[in-house]
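Architecture at a glance
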Amino acid sequence: MSSTQRTTESADSARIRAAAQLHKWVVAALASDEAQWLDEALTKADVRRSLDIAFSRTGRKTGTGRLTVDIAAQATAASLIAGWQPEHWDLSDAVRILLAIAALEHDPTALDRLARHADIGEQCALYRGLVLYPADVDVSDLVGRGLRTHAQPVFESIAHYSPWPARELDQHRWNHLVLKAMFMDIALWPIQGFDDRRNADLARMALDFAAERYAAARALPLELFRCVAPFASLSEVIRYMPDVQADARGRWQDTVTTRALSLSLWDSTDRDLTEFIRAHSPHEAVIQSGELHWGALVAI
Amino acid sequence: MLALRVSDGKYATERQDRPLCGRPPTENDMNPDIKDSTAIRQMFIDPHAHMISRTTDDYEAMAAAGIVALIEPAFWQGQPRTHVATYEDYLSAILGFERFRASQFGIRHYCTIGLNSKEANDESLAEAVMDILPRFAAKDGVVAIGEIGYDEQTELEDRYFRAQIELAKELELPVLVHTPHRDKKAGTTRSMDVCEEHGIDPRMVIVDHNNEETIDEVLERGYWAAFSVYPSTKMGKERMVRLMKSYGAERVIVNSACDWGISEPLAVAKTAELALSSGVPAEAVHLSCYANALAAYGQSGQISDSHWLTPMEIDQRESFAGNSILRGGREPVVEHHDGRRTPNEAA
């Protein structure tokens, strides 16, 4: 047995344990009638009409609430699959993902079949489930369709709060995911593994995007400079910087914009740019302490 | 707004001639009616609107006129489909992207699912559509089976009308009945006879496209009576207001049925305006242009005024309305309304 095979098998066994754990959380959250409905639906996942109706009807059985995943359960999730964040799933997502996994046991093309008739909420569920599908299921076309969507929630269901994109996408598709997120004014900070997957090509694309928006006198996404920081010089960045208020000594006022600038450019490798940020940013202490981060841009 | 503004400021000295952009809307941009806290904007529901055939200008105007929710019945598209696959994509579109399109204007979009009477006459298509309907009819936001019923009152139309009434019963959904444009009075009577043969409660059935000739019987037999205010063919605003005056508003529902034909997406709001200025009591206008549709289709459990009155309850993944600054801060498209767009906005 090759080491690649062993890695795949252990990843699949982690996914199987994760799905079993998800089933426990779901059953605990459902009323007993609905839990019974789900278990019947799971056993009939090989019957097409039954699966299709169960998948569609899920919302009427679960309502629209979140899946309840407390702090301890979040830790369990992360220990099963690094980066798994089911606390960002709805209960209906979780049920649909369980149905999809059950269907995959009988039909390796089940995801494409379910996606073909899926509405936006159902598509989101299918994409959130990417972390839990067996490695031998080919999701490339499915993900490609999802990333070409105009529907913001569908895009976010792939891009946000999931270890899957950073782990699985090649650089070309990754860069286009990031660029499309900015193009659609979708936040970058919930994209896992973002900083580690920055690259020179993405920085070039981001600066070109800034130039286009600048030429059109349109607003730039606040997180754009994150893509650029490790690769660009002060002179490349400064022309696209926003107008911010500063005190007599040149210190920026503390605003959401300056917080974003500080966070974006703090780890620049360009000496002039680093000096520039250190000279103007009032945020050194809160960045060093960890108090200021993207998730708390507005909150602190 | 979580975005940087490129301006003629300190760090953008090279481009001082650039105009300011991305200015967040201010109070002055708003419609005086909205700005004035004493003016309560009237809310309307358009429970019959084929938005797939309409433009974003229509959505913008409908939102400005007070439409908070609309229902898109599955119908034909002006010419018959020849493959079940195009029917599937149509149903997916009215359940999916159309709902999303509406949400960009702050309008909640629901739909009804069904095989329409015209295409019921293509037997092989109809059989294939009947096979896929259960897959679509139970999805979130589906408020009825419809619009179904008769066109030429053929045997095939009758067969699939009945089969879909049974599907509605199985899935516990209301039924939206399209009454025929030709031989309307007899066709309407027959539609109700068939409903009763299948034992569906009249309160679960909305009979649509009524006129002066059908309203008596439909109301008398306990059904919801809907009226499509569609210029020149079905019902006009003035006639509708006369009906509201004579019959009151109990179980009366006004809709636009706007579609790919020459039709009026603001028909509900305009009818309401004419009714109020003609002395129809405000409560009757509220019932016929909002509350009755909510009550009738609310029996599906899928449409509730909490969806637009307390937007936090909206499934935020499907709406721009739930966007917070932390989630990415897109500017809402409908933020300020004076009924016109500047050339800059249009660009």
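Residues numbered from 1 in each chain as written. Chains lettered and ligands numbered in written order. Predicted model: local features only at pLDDT ≥ 70, side-chain atom pairs only at ≥ 80, totals over all residues. Heavy atoms only, no water.

1. Notes on the overall build of chain A
Applied cut-off: Secondary structure elements follow DSSP: runs of H or I of four or more residues count as helices, runs of E of two or more count as strands, with numbering from the N terminus. Two residues qualify as a contact provided that any one of their heavy atoms is within 4.5 Å of a heavy atom in the partner residue. Only the protein chains shown count as cover for residues, with accessible areas throughout obtained via the Shrake-Rupley method and a probe of 1.4 Å.
When its secondary structure is counted, chain A shows 17 helices and one strand. Summarising the internal contacts of chain A: among those between residues at least 6 apart in sequence, 71% fall at separations of at least 24. If you sum the accessible surface of chain A, you get close to 12,900 Å²; carbon and sulfur atoms cover 50% of it.

2. Examining the sheet that holds strand 2 (residues 44-46) of chain B
Residue and element names in this part refer to chain B. Rule in force here: When DSSP finds two or more bridges between a pair of strands, those strands are recorded as paired. Working convention: axes come from line fits to C-alpha atoms, limited for helices to the stretch in contact. Angles between N-to-C directions cover 0 to 180 degrees.
Read across the open sheet, the eight strands follow the order 2-3-4-5-6-7-8-9; overall the sheet is parallel. Of all strands in the sheet, those bounded by a partner on one side alone are strand 2 and strand 9 (252-255). Averaged over neighbouring strand pairs, the angle between their axes works out to 25° when direction is ignored. Bridge count between strand 5 (residues 142-149) and strand 6 (residues 175-178): three bridges; the pairing is parallel.

3. A closer look at unusual backbone geometry
A negative phi angle is the norm for most residues apart from glycine, just as the trans form is the norm for most peptide bonds. With omega at -10°, the peptide bond leading from B:Gly146 into B:Glu147 counts as cis. Along the chain, B:Glu147 falls in strand 5. The residue A:Asp185 is not glycine, and still its phi comes out positive at about 55°. In this structure, A:Asp185 sits in the loop between helix 11 (171-183) and helix 12 (200-215). Unlike most non-glycine residues, B:His209 shows phi in positive territory, near 60°. With respect to the element layout, B:His209 can be found in the loop between strand 7 (205-208) and helix 8 (215-220).

4. Structural notes on the environment of A:Thr255
Within the element layout of this structure, A:Thr255 appears in the loop between helix 14 (234-238) and helix 15 (256-265). Considering only alpha carbons, one finds A:Thr255 and A:Val244, eleven residues apart in sequence, at a separation of 8.7 Å.

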